[in-house]
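Residue-level listing of the chains:
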Amino acid sequence: MRDKVMGTNQVMRQVIYALVLGVAAQVVFFGFSVLVQIALAIVTALSAEALVLRMRGIQITPSLCDGSAVLTAVLLAIAIPSIAPWWIIVLGVLFAIVFGKQLFGGLGNNPFNPAMLGYAFLLVSYPLQMTQWPSEFQGVLSIFELSAVDALTGATNLDYTKTQLMLGESIGALTFENISQMWINLGFLVGGIYLLLRRIVFWHIPLSLVLGLVLMSGVLYLIDPSSYSSPAFHLINGATMLAAFFIATDPVSASTTPLGRLIYGFSIGVIIIVIRVFGGYPDAVAFAVLLMNITVPLIDYYTQPKVFGK
Amino acid sequence: MIDAVSILSILALVLGLVLGYAAIRYRVEGNPLVDQIDAILPQTQCGQCDFPGCRPYAEAIASGEAEINQCPPGGQDGVDALAELLDVETLLLNAEHGETKPKRIAVVDEQVCIGCTLCIQACPVDAFVGSSKVMTQVIAAECTGCDLCLPVCPVDCIDMVEVKPTLNTFVPNVGELASV
Amino acid sequence: MSKFTFKGGLVLENPFPAKEIDLIRIPLPDKVVLPMQQRIGEQAKPCVSVGEHVLTGQVIATIDDDRCAPVHASISGTVVAIDNQVMAHQSGLKALCVTIESDGEDEWIDNSVACTENYDFCTPDTIYNKIRLSGIVGMGGAGFPTHTKVQFAEGCHTLIVNATECEPGIMCDDALMQAYPTKVIRGVEVLLHICGAEKAIIAIEDDKKESIKLLKKFCKNERITIEAIPTKYTSGAEKILVKSLLGIEIPSGGYASDVGVLCQNVGTLVAIFDAVVENRPLISRVVTVTGSAIKEPKNLQVRLGASYDYVLGFADIDPGENDIRMAGMMMGVDLKGTDYSISKNTNCIFVNKPIEKAAAQECIRCGMCNTVCPMELLPQQLYWYSKSSNIEKALDYNLLDCIECGCCSHVCPSNIPLVDYYQFAKALNRQQTKEKVQTDNARERFEFREFRLERNKQERAEMMEAKKKALKEKMAKDKVQKEAIAAAQERVNAAKTAKELEDAR
């Protein structure tokens, strides 16, 4: 096999292509509002990036064309509820690009995953809008607050489980009619496998993240199946696959040594379950990733591979 | 009341003893400040700072008698390094003391030298070799380029020659590489 | 096939394969420019003067220490200049060169000494000296003096002949082996004779089928084995080669000689054969001329010192502005123009049609460079610290183990010229180390001078004190003496007076 070389913009483009299936699944279940969110996010991201680059006195075109801003925008757009009002995604992307990326010195210098920083900002600041997912096919109108939202929204499986458990129900008694999450996760899984095959992401982080998630949830499930969901449930619900292949693998903010990547991915998997099960938020990818971002310099330092001849 | 006071007193006493013991037991032999300052100074020994050498200047900085921006050979980088060591605001290099020049060494014009040995006495690092009425030479590796031999030479036979990079000492410019 | 391998590296295709690998001997150049500096180490000292007539093979520069090799005239003719010329080096700096104008005769100096064909009867020392005086340096690119390397490897157990030629595009060793397979084998035998190794391994990448076939055919010596190794770039780096042949990892900071191995390029061995058996010092070499602006890559046997323009005149070059690169596409250096001459380590000249280099972007820490680094370093961390001139940290991340192979730069999706940064950091480290030694030295000398002045002052004071004391003592002594004299005088006077009185009475 001959080694081929791919440029940074090509890498970013490939990642965006790999998202197509998952996004398609979202469109099937939530409607075209998903695409409108993505479009809004991309426009905001590019404008914000261009503006900041101009203020920093840096050539705009090459940095704008590297595709990283677009990728951040798309990731954030598919992470938030598709019926969230338009200003949610605009604010989130602005925060991600300006505070999460450019203030640290732009691409390559941000210690945190910008998309997840934007997400965490939105979740903490606007919890109501950030947790209302459409229960069925919905039009674009809700984004621009033109239709009554309340009547149409529902909870995700994760949210529903949490609420029911608090009400004293046991897992076995719950029934899930919502299969949208499963198909969306499958879509992202297929995209992720494509990235692995193209050798755009290394296998370490996705594999160890899934492993951490399954192990942690498995242990809890074995302890008490009636109050903890099964590993399979965790795998196909929430943003698991998106996190494993697209979010945690953001190279800039992830660990770069082989062993470091394993530790990093595994820890994210474990933290996701810990927050999902014991925390106050239904899903936990953003916080898990951000928490582990903090530890990356430490992990990288202590997991340096053995050098030839040492 | 008495209980509280006595408990606190005993506590203070015990903790004080522990601290006192720790201070002796885990004492860190710190590098004295003067040595740390001296390590940053370029050791040109040129006296442009108005002190008779780098160490006297280091002592003056340590005792607060001199500013940190009086060393032209150390350049702005040197001033910044001193500011960081002493944890003070950095200053601009004081132009009154001279300007930063590239590294140079003294070369004696053998035809002109009369062997007066004045340069030998002026050189702060004993880089000159020679004796009375014979031609004097400079040990290139020892010369710091301080210029102190220039004013004392009665026949102006000393030239300061800039040290040019060779194939072995060439440092590529990293600024050219960064296009971003 | 070797049972060991190495991590990292790249499988690269020869971008400009040649239909046939022939060795073409080109006519003598009219003028040669011979540099006194050979890549690393000290300069040789010219021992001829302008206007002097020299013969081919005559020594024109000698050495004082073993970190460099002597230089020989590569044509016969007149020395026309000894001056500084621009070197084929990234810095574009000038260095001392001897220029000889040809008389067209190519008249050889008689170098012959006792041992020729029957080198078996010569002592290793005799042959060693012969190599030393023949100006042979590593022909693979580093240009390290061969005699010094042989000396370091005293008592080695294995001789490895590096015929991997792993840099894609370069074919000069392949051409040499196909043209002179017996010389290669004989050269190995000579070196085996002097270095004392029990066995020799000739390592060739498995895509050079013709060379492997020929060498196997001509090798009758059971101490020499010919080993085909997988074609993967950096297989020819010394440390990597030792590992993939013997499974031994040379310790960080060490050399092949530390593990009892002597590594020599195959071109060097042919040069050793020429020097020892045929009495010809190193005055020519094979240069591959290739690149996108050349219709058919060629391997030319060239006299050292011939100008690039002269050599390129024998290749079919597309007219117009072209980019020149010396040595391989991975480790070579881009040069401005063609005003250079062939030196002992010029193995290849690339003539490429100008292409716009993609601008470097920010490092996204993707880690592609980690996976290809044959030294198993973390190139992105090295880049981070090199860029910010944080040498201490870069050294911490094993900057000095980097072999500058260029794999990381090649795969970098952001097109960062990583190796350039490492070269910068290494040069800066050298400079800082040197400066540190100089400052410490200056500090010590200054402090000693202060001490000496103080001591002088004190000594002078003590001396003054002693003198004063001595003077005082002397004065006191004088006084006593004077008094004694006076007393004596007195007594004499008194006696005299008494006598006079008596007489008068």
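Given the structure is predicted, the values throughout are model-derived calculations rather than measurements. (Residues numbered from 1 in each chain as written. Chains lettered and ligands numbered in written order. Predicted model: local features only at pLDDT ≥ 70, side-chain atom pairs only at ≥ 80, totals over all residues.)

**Some thoughts on the overall build of chain A**
Quick note on the threshold: Helix and strand assignments come from DSSP, with helices taken as H or I runs of at least 4 residues and strands as E runs of at least 2, each series counted from the N terminus. In this scheme every C-beta is placed from the backbone, and a residue whose C-beta has 20 or more other C-beta atoms within 10 Å is buried, one with 12 or fewer is exposed, and one in between is partly exposed. By the convention adopted here, residues are in contact when the distance between their C-beta atoms, placed from the backbone, does not exceed 7 Å.
Assigned secondary structure in chain A consists of 15 helices and two strands. By the burial criterion, 51% of the 310 residues in chain A qualify as buried. The contacts in chain A between residues at least 6 apart in sequence include a share of 76% that link residues at least 24 apart.

**Thoughts on the overall build of chain B**
Convention followed: Every radius of gyration here is taken over C-alpha atoms, with the globule rule written as 2.2 Å times N^0.38, N being the number of residues.
Check the secondary structure of chain B and you find seven helices and four strands. Going from N to C terminus, chain B has its helices and strands arranged as α-α-α-α-β-α-β-β-α-β-α. Against the compact-globule benchmark of 16 Å for 180 residues, chain B has a radius of gyration of 25 Å, which places it well outside the compact range. Its C-alpha atoms put chain B at 95 × 55 × 35 Å along the principal axes.

**Looking at the interface of chain A and chain C**
So the rule is basically this: Gly is put with the polar residues, along with every residue not named as nonpolar or charged; the nonpolar set is Ala, Val, Leu, Ile, Met, Phe, Trp, Tyr, Cys and Pro, and the charged set is Asp, Glu, Lys and Arg.
With 25 residues of chain A at the contact, the number on the chain C side is 31 residues. When its residues are assigned to classes, the side of chain A that touches chain C shows 12 nonpolar, eight polar and five charged.

**Notes on helix α14 (residues 258–278) of chain A**
Two residues of an α-helix separated by three or four positions point the same way, owing to the 3.6 residues in each turn. Put simply, the rule reads: The span one expects for a helix is its residue count, reduced by one, times 1.5 Å.
Look at α14 of chain A: 30 Å from first C-alpha to last across 21 residues, which is about the 30 Å you get at 1.5 Å a residue. Taking burial as the measure, the 21 residues of α14 of chain A include 15 buried ones, the bulk of the element.

**As for the arrangement of the chains**
Summarising the chain contacts, two pairs of chains touch, and the pair with the most contacts is chains A and C. Across all C-alpha pairs, the smallest distance from chain A to chain B is 8 Å, and the two are not in contact.

**Considerations on the interface of chain C and chain B**
Each partner contributes to the interface: chain C provides 27 residues, whereas chain B provides 20 residues. With 14 residues, helix α13 (residues 418–504) of chain C is the single largest residue contributor to the side of chain C that touches chain B. Of the residues belonging to the side of chain C that touches chain B, the class tally is 12 nonpolar, nine polar and six charged.

**Thoughts on the domain arrangement of chain B**
Our working definition: Boundaries of every domain are those given by an automatic assignment or by a domain database.
Segmentation of chain B into domains returns domain 1 (1–27), domain 2 (33–97) and domain 3 (104–162). The C-alpha centroid of domain 2 of chain B is placed 42 Å from the C-alpha centroid of domain 1 of chain B.

**Describing helix α2 (residues 20–30) of chain A**
Residue and element names in this part refer to chain A. Selection rule: Arc, as used here, means the arc of the directions from the helix axis to the C-beta atoms.
All of the buried residues along α2 are G22, V23, A25, Q26, F29 and F30. Each buried residue of α2 lies within a common arc of 155° when the element is viewed along its axis, so the set occupies one face. The positive-phi residue at the C-terminal boundary of α2 is G31, with phi of around 95°.

**Brief notes about the sheet that holds strand β2 (residues 31–35) of chain C**
Residue and element names in this part refer to chain C. We count it as follows: Should DSSP find at least two bridges between two strands, the strands are regarded as paired.
Overall, antiparallel pairing links the four strands, which are arranged β2-β8-β7-β4 in an open sheet. Unpaired on one side and paired on the other, β2 and β4 (53–54) mark the two borders of the sheet. Here nine bridges tie strand β7 (residues 77–86) to strand β8 (residues 94–102), and the two strands are oriented antiparallel to one another. Directly across from V79, in β8, lies its bridge partner I100.

**Section: the pairing of strand β17 (residues 348–352) of chain C**
All names here are of chain C. With four of five residues buried, β17 lies mostly within the body of the structure. Looking at chain direction, strand β13 (residues 284–290) and β17 are connected through three bridges and run parallel. From the neighbouring strand, T290 faces β17, where its bridge partner is F350. In the sheet, strand β15 (residues 323–326) pairs with β17 via four bridges, with the strands oriented antiparallel. Across the sheet, residue I324 finds its bridge partner in β17, namely V351.

**Details of the packing of helix α3 (residues 172–179) of chain C against helix α5 (residues 209–218) of chain C**
Geometry of a packed helix pair, given as the angle between the helix axes and the separation of the axes. Residues and elements named next belong to chain C. As a reminder of what qualifies: Under this scheme, a helix contributes an axis fitted over its contacting stretch, all axes are lines through C-alpha atoms, and angles between N-to-C directions fall in the 0 to 180 degree range. Each crossing gets its hand from how the near helix is turned against the far one by less than a right angle, where anticlockwise is left-handed and clockwise is right-handed.
At a minimum axis distance of 9 Å, the contact between α3 and α5 shows a crossing angle of 35°. You can see that α3 and α5 cross each other, and the crossing is left-handed. Along its contact with α3, which presents D174, M177 and Q178, the element α5 presents E210, S211, L214 and L215. Within the contact of α3 with α5, the residues separate by chemical class into three nonpolar, two polar and two charged.

**Quick notes on unusual backbone geometry**
For D87 of chain B, which is not glycine, the phi dihedral falls at a positive 60°. With respect to the helices and strands, the residue D87 of chain B is situated in the loop between α4 (75–86) and β1 (104–108). One non-glycine residue with positive phi stands out, namely E376 of chain C, at about 60°. Here E376 of chain C lies in the loop between α9 (368–372) and α10 (379–387). Judged by C-beta crowding, with 19 C-beta atoms within 10 Å, E376 of chain C ranks as partly exposed.

**Some remarks on the confidence of the model for chain B**
All names here are of chain B. The following threshold applies: Across the chain, each position has a pLDDT score giving the predictor's confidence in that residue, from 0 to 100.
Here chain B averages 87 in pLDDT, while 95% of its residues score no lower than 70. Here helix α7 (residues 174–177) stands out as the element of chain B with the lowest mean pLDDT, 58, in contrast to helix α1 (residues 2–25), whose mean of 92 is the highest. Complex prediction metrics read pTM 0.87 and ipTM 0.84.

**Focus on the nonpolar core**
Going by this rule: Note on terminology: a nonpolar core is a set of buried residues of type Ala, Val, Leu, Ile, Met, Phe, Trp, Tyr or Cys, with members joined through C-beta atoms within 7 Å.
Core analysis: the biggest nonpolar cluster contains 144 residues, and V161, V311 and I349 of chain C have the highest contact counts within it. The leading source of residues in this core is helix α7 (residues 266–276) of chain C, at eight residues. Formed jointly, this core draws a minimum of three residues from each of two domains, domain 1 (112–280) and domain 2 (358–505) of chain C. Among all residues touching V161 of chain C, those that are not within four sequence positions of it are V188, A200, I201, I202, A203, Q264, V266 and L269 of chain C. Counting residues in hydrophobic clusters, the runner-up holds 85 residues, among them A41, A45, A48 and I263 of chain A.

**A few points about the sheet that holds β13 of chain C**
Residue and element names in this part refer to chain C. With mixed pairing, the six strands of this open sheet are ordered in space as β1-β14-β13-β17-β15-β16. Both outer strands of the open sheet, β1 (23–25) and β16 (333–335), are each paired with one neighbouring strand and no more. Adjacent strand axes in the sheet meet at a mean angle of 30° when their direction is disregarded. Across the sheet, α3 is in contact with β1, β13, β14 (298–303) and β17; its angle to β13 comes to roughly 125°.

**Structural notes on the packing of helix α1 (residues 124–133) of chain C against α7 of chain C**
Residues and elements named next belong to chain C. Inclusion rule: Roughly parallel means an angle under 35 degrees; roughly antiparallel, over 145; roughly perpendicular, 65 to 115; everything else is oblique.
Look at α1 against α7: their axes get within 9 Å of each other, and the N-to-C directions meet at 110°. Between α1 and α7, the crossing angle belongs to the class labelled roughly perpendicular. Residues I127, K130 and I131 of α1 pack against I272, A275 and V276 of α7. The class makeup of the residues in the contact of α1 with α7 is five nonpolar, no polar and one charged.

**Some thoughts on the environment of C68 of chain C**
You can see C68 of chain C is positioned in the loop between β5 (59–62) and β6 (71–72). Sequence separation between C68 of chain C and G320 of chain C is 252 residues, and the spatial gap between their C-alpha atoms is 39 Å.

**Quick notes on the environment of V15 of chain A**
Looking at the element boundaries, V15 of chain A is found in helix α1 (residues 8–18). For the pair V15 of chain A and Y194 of chain A, spaced 179 residues apart in the sequence, the C-alpha separation amounts to 9.2 Å.

**Side note on the environment of N237 of chain A**
Residues and elements named next belong to chain A. Residue placement: N237 occurs in the loop between α12 (231–236) and α13 (240–247). Residue classification places N237 among the buried residues on the basis of 24 C-beta atoms within 10 Å. Sequence spacing of N237 and I223 is 14 residues, and the spatial spacing of their C-alpha atoms is 21 Å. Not counting residues up to four positions away in its chain, the partners in contact with N237 are N157, L158 and Q181.

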